[in-house]
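Chain by chain, the residues run as shown.
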Amino acid sequence: MSSADEFDVIVVGGGPGGSTLAALVAKQGHSVLVLEKEHFPRYQIGESLLPSTIHGVCRLTGAADELAKAGFPLKKGGTFRWGANPEPWTFAFAVSPQMAGPTSTAYQVERSKFDQILLDNARTQGARVQEGCAVLDLLEDGDRVTGVRYTDDQGAERTATAKYVVDASGNKSRLHDKVGGKREYSEFFRNLALFGYFTGGKRLPEPTRYNILCVAFESGWFWYIPLSDSLTSVGAVVRRDMAEKVQGDPEKALNDLIAECPMIADFLAPAERVTTGQYGEIRVRKDYSYHQTEFWRPGLILIGDAACFVDPVFSSGVHLATYSALLAARSINSVLAGVLDEETALREFEARYRREYGVFYEFLMSFYQTHQAEGSYFWAAKQLTQSARPELEAFVELVGGVSSGEAALGDAETLMKRLEQQSTEFGSAVGSAGGDGGWVPMMNSPVVRDAMVEGSKVQLQAMLGEDAEEETPLFDGGLVPSADGLLWRPGK
């Protein structure tokens, strides 16, 4: 095998997680190969982003300036018809003076364009990117993964070796079960999404014109994401056991769900569905909330949707993908630089990623609990008191107590009580939120603060670098980021 087939890191998948990790590792001078099955640009869902991705992670990778030039709609927050209040309410991302101004915004993106920018940036940072390459299997030496076997864009079978293989191939990953453990699906978020694209739909009034709009209705909830002045992504989320609502003719199914939701029906009254090109298909996504019971083994690391995914109501998908890529890149860089052993570095990656996933999981459970719809099977099934105990026990097992930062979380009863308290606090905060767009009432809820804190830290570090306030370890004996954000170092 020639030296050209040997790398420090092989990344499987060129989406946001894979391209982020590739850029952050290549910036440290390590050799990186990205193998992407498709040819970009290509379609992908997950179009509404959070500020920490744009102003935090993408600033660290070097992609932020190109994203700013792309002309994506500026997202200042979100607008919701959700909860006991019949009127829509709005939040803004300007959560504190530190985050005010340009960094208190995100983008609504066409993923084919956004992902292309991130993948091109990985190339710019020094990664070797090969598109049209499908990974067939892993190479192993005992317990350690040492590389991959893949087909190139001409169909020829090849092999490549590396110190680390990172699976960033998304929810359809063929490698996730190779890490050990299994993929466990959430019963609480076991939903279906039916979605399509429309032109000519209405917009919210300024300054919320490009906010994501989420509207609860009897059978579930809708997202309404403005991707440009004319193009809108529209999707309905229903429970998996209400699958009859999305079976048969997808056009009729989507139209019937829209008719159930007066606010979305009004916004789409002047619109036409796109029927050609990458947006011409009505798509279904199912069982999209899950976690892998193991995130890594020697030589193999799962990031992004290959490891876990949770309900998209708060636009956390790309955030979790890029945040996990940042965590994994720090661990890989630290091991390759010889400053940490693999076990210590990757234990930090997994603990932090599980914590962030757990925080968003609890946040979303509390968020769902705030909506009451009498007689609705969908919403009745989301009430915490009706959640099956195995679901709570599985969640306790998943996060192992770290999602809250408290050792007190050790059983389902403790979790149930905390979730009920959080839901009450969250519901009160939502009830106090007005239409003028402010996080102040929402930040009174601890579960909201927890969901924002890590993203804010990443943003501040990307903005301030060595001038950022020194972090403390998240866990006893844990690690903290280096001044440039690209490695770990022991905490004080």
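The rules we used
- Per chain, residue numbering runs from 1 following the sequence as it is written.
- With the structure being a predicted model, the display of local features is reserved for residues of pLDDT at least 70 and the display and counting of side-chain atom pairs for 80 or more, all residues being used for whole-chain, interface and lining totals.
- Computation of side-chain values covers all heavy atoms of the structure but excludes hydrogens and water.
- UniProt positions are given in the numbering used here, feature names are shortened, and annotations may be inferred rather than shown by experiment.
- Secondary structure elements follow DSSP: runs of H or I of four or more residues count as helices, runs of E of two or more count as strands, with numbering from the N terminus.
- Burial classes: relative accessible area under 20% of the type maximum marks a residue as buried, over 50% as exposed, and values in between as partly exposed (1.4 Å probe, protein chains only).
- The criterion used for residue contact is that any of the two residues' heavy atoms lie within 4.5 Å.
- All accessible areas in this document rest on Shrake-Rupley with a 1.4 Å probe, and a residue is counted as covered only by the protein chains that are shown.
- The span one expects for a helix is its residue count, reduced by one, times 1.5 Å.
- Salt bridges are identified by distance alone: a Lys or Arg side-chain nitrogen within 4 Å of an Asp or Glu carboxyl oxygen.
- For two strands to pair, DSSP has to find at least two bridges joining them.
- Helix axes use the C-alpha atoms of the stretch in contact, all axes being lines fitted to C-alpha atoms, and the angles between their N-to-C directions lie in the range 0 to 180 degrees.
- In what follows, roughly perpendicular refers to angles from 65 to 115 degrees, roughly parallel to angles under 35, roughly antiparallel to angles over 145, and oblique to any angle outside these ranges.
- Should the near helix be turned anticlockwise from the far one by less than a right angle, the crossing is termed left-handed; should it be turned clockwise, right-handed.
- Classification used: nonpolar for Ala, Val, Leu, Ile, Met, Phe, Trp, Tyr, Cys and Pro, charged for Asp, Glu, Lys and Arg, polar for all others including Gly.
- Nine residue types can take part in a nonpolar core, namely buried Ala, Val, Leu, Ile, Met, Phe, Trp, Tyr and Cys, and a core is a set of them joined through side-chain atoms within 4.5 Å.
- Boundary definitions for the domains trace back to an automatic or database domain assignment.
- A pair of Phe, Tyr and Trp rings is counted when the ring centres sit within 6.5 Å of each other, with Trp represented by its six-membered ring. The angle between the planes then sorts it: under 30 degrees is stacked, over 60 is edge-to-face, the rest tilted.
- Cation placement over rings: the criterion is NZ of Lys or CZ of Arg within 6 Å of the ring centroid and within 35° of the ring normal.

- The name an unreviewed UniProt entry gives the chain is FAD-binding protein, with Actinomadura rayongensis as the organism.
- Word for word, the UniProt comment on the chain under Sequence similarities (unreviewed entry) is "Belongs to the flavin-dependent halogenase family. Bacterial tryptophan halogenase subfamily."

1. Some remarks on the overall build of the chain
Okay, so step 1: Of the regular secondary structure elements, the chain holds twelve helices and 23 strands.
Okay, so step 2: Counting over 492 residues, the chain shows a buried share of 60%.
Okay, so step 3: Considering only residue pairs separated by 6 or more positions, the chain has 71% of its internal contacts joining residues 24 or more positions apart.
Okay, so step 4: As displayed, the chain offers around 18,700 Å² of accessible surface, 48% of which is attributable to carbon and sulfur atoms.

2. With respect to unusual backbone geometry
Okay, so step 1: Of the consecutive residues phenylalanine 40 and proline 41, the connecting peptide bond is found in the cis state with omega at -5°.
Okay, so step 2: Positionally, proline 41 belongs in the loop between strand E2 (32-36) and helix H2 (51-61).
Okay, so step 3: The linkage connecting glutamate 206 with the following residue, proline 207, adopts the cis geometry, with an omega of 5°.

3. Brief notes about helix H7 (residues 317-336)
Okay, so step 1: The terminal C-alpha atoms of H7 lie 28 Å apart, and with 20 residues this matches the ideal 28 Å at 1.5 Å per residue to within 8%.
Okay, so step 2: Counting buried residues in H7 gives 18 out of 20 residues, a clear majority hidden from the surface.

4. Considerations on the pattern of salt bridges
Okay, so step 1: In the structure shown here, the tally under the stated rule is 25 salt bridges.
Okay, so step 2: Residue arginine 352 is joined to glutamate 454 by a salt bridge in which the shortest nitrogen-to-oxygen separation is 3.7 Å. With a gap of 102 residues between them, arginine 352 in helix H8 (residues 342-369) and glutamate 454 in helix H12 (residues 446-464) connect regions that are remote in the sequence.
Okay, so step 3: The exposure class assigned to arginine 352 is buried, which follows from its relative accessible area of 2%.

5. Considerations on the sheet that holds strand E21 (residues 308-309)
Okay, so step 1: Here three strands make up an open sheet; going across it, the order is E11-E18-E21 and the pairing antiparallel. For this open sheet the edge positions go to strand E11 (183-185) and E21, each flanked by a neighbour on one side alone.
Okay, so step 2: With three bridges connecting them, E11 and strand E18 (residues 290-292) associate as antiparallel partners. By the bridge assignment for E18, arginine 183 is matched with glutamine 292.
Okay, so step 3: Sitting on the sheet, H8 touches E18 and E21, and the angle it makes with E18 is about 165°.

6. Quick word on the packing of helix H1 (residues 16-26) against helix H4 (residues 111-124)
Okay, so step 1: Viewed as axis vectors pointing N to C, H1 and H4 meet at an angle of 20°, and their least axial separation amounts to 8 Å. It follows that H1 is roughly parallel to H4 by the angle criterion. Between H1 and H4 the crossing geometry is left-handed. Between H1 and H4, the residues in contact are Pro16, Ser19, Thr20, Ala22 and Ala23 and Arg111, Phe114, Asp115, Leu118, Leu119, Asn121 and Ala122, respectively.
Okay, so step 2: Here the residues of the contact of H1 with H4 are counted per class, giving seven nonpolar, three polar and two charged.

7. A closer look at the nonpolar core
Okay, so step 1: Grouped together as the largest cluster of nonpolar side chains are 120 residues, with contacts concentrated most on Leu21, Trp82, Trp221, Ile301 and Tyr368.
Okay, so step 2: The residue makeup of this core includes at least three contributed by each of domain 1 (6-69 + 107-185 + 289-370) and domain 2 (192-286).
Okay, so step 3: For tyrosine 368, the residues in contact, after removing those within four places along its chain, are Trp82, Phe188, Phe189, Asn191, Trp221, Val237, Asp311, Val313, Phe378, Trp379 and Lys382.
Okay, so step 4: Of all hydrophobic cores here, the second largest spans 24 residues; its members include Leu192, Phe217, Val234 and Ala271.

8. Brief notes about the packing of aromatic side chains
Okay, so step 1: Counting across every chain of the model gives 19 aromatic pairs.
Okay, so step 2: With a centroid separation of 6.2 Å and 35° between ring planes, the pair formed by phenylalanine 349 and tyrosine 353 is classed as tilted. With a gap of four residues between them, phenylalanine 349 and tyrosine 353 both fall in helix H8, about one helical turn apart. Grouping residues by exposure puts phenylalanine 349 and tyrosine 353 together as buried.
Okay, so step 3: Cluster of aromatic residues (ring-pair linked, three or more members): Phe80, Trp82, Trp89, Phe189, Phe195, Trp221, Trp223, Tyr357, Tyr361 and Tyr368.
Okay, so step 4: A cation over an aromatic ring shows up here: arginine 283 above the ring of tyrosine 43, its NZ or CZ 3.6 Å from the ring centre.
Okay, so step 5: In this arrangement the basic side chain of arginine 354 is found over the ring face of phenylalanine 295, its NZ or CZ atom lying 3.9 Å from the centre.

9. Describing the pairing of strand E9 (residues 144-151)
Okay, so step 1: Pairing of strand E8 (residues 134-141) with E9 involves seven bridges; the strand directions are antiparallel. The residue bridging valine 135 from the neighbouring strand is tyrosine 150, located in E9.
Okay, so step 2: Taken together, E8 and the strand that follows it, E9, pair antiparallel across an intervening segment of two residues, in which glycine 142 is found at a positive phi of about 65°.
Okay, so step 3: One ladder, built from five bridges, connects E9 with strand E10 (residues 157-167); its direction is antiparallel. Note that in E10 the partner of valine 148 across the bridge is alanine 160.
Okay, so step 4: The hairpin formed by E9 and E10 contains five residues between the paired strands, and glycine 155 there has a positive phi angle of roughly 90°.

10. Overview of the packing of H1 against H2
Okay, so step 1: Look at H1 against H2: their axes get within 8 Å of each other, and the N-to-C directions meet at 45°. Judged by the inter-axis angle, H1 sits oblique to H2. Touching Thr20, Ala23 and Leu24 of H1 are Val57, Leu60 and Thr61, all from H2.
Okay, so step 2: Looking at the contact of H1 with H2 residue by residue, the class counts come to four nonpolar, two polar and no charged.

11. Digging into the environment of glutamine 116
Okay, so step 1: Mapped onto the elements, glutamine 116 comes out in helix H4.
Okay, so step 2: Considering only alpha carbons, one finds glutamine 116 and serine 19, 97 residues apart in sequence, at a separation of 9.4 Å.
Okay, so step 3: Excluding its chain neighbours within four sequence positions, the residues that come into contact with glutamine 116 are Phe40, Pro41, Arg111 and Arg123.

12. Re the side chain of serine 316
Okay, so step 1: Residue placement: serine 316 occurs in the loop between E21 and H7.
Okay, so step 2: You can call serine 316 buried: its relative accessible area is 1%.
Okay, so step 3: Once residues within four sequence positions are removed from consideration, serine 316 is found in contact with Val310, Asp311 and Phe360.

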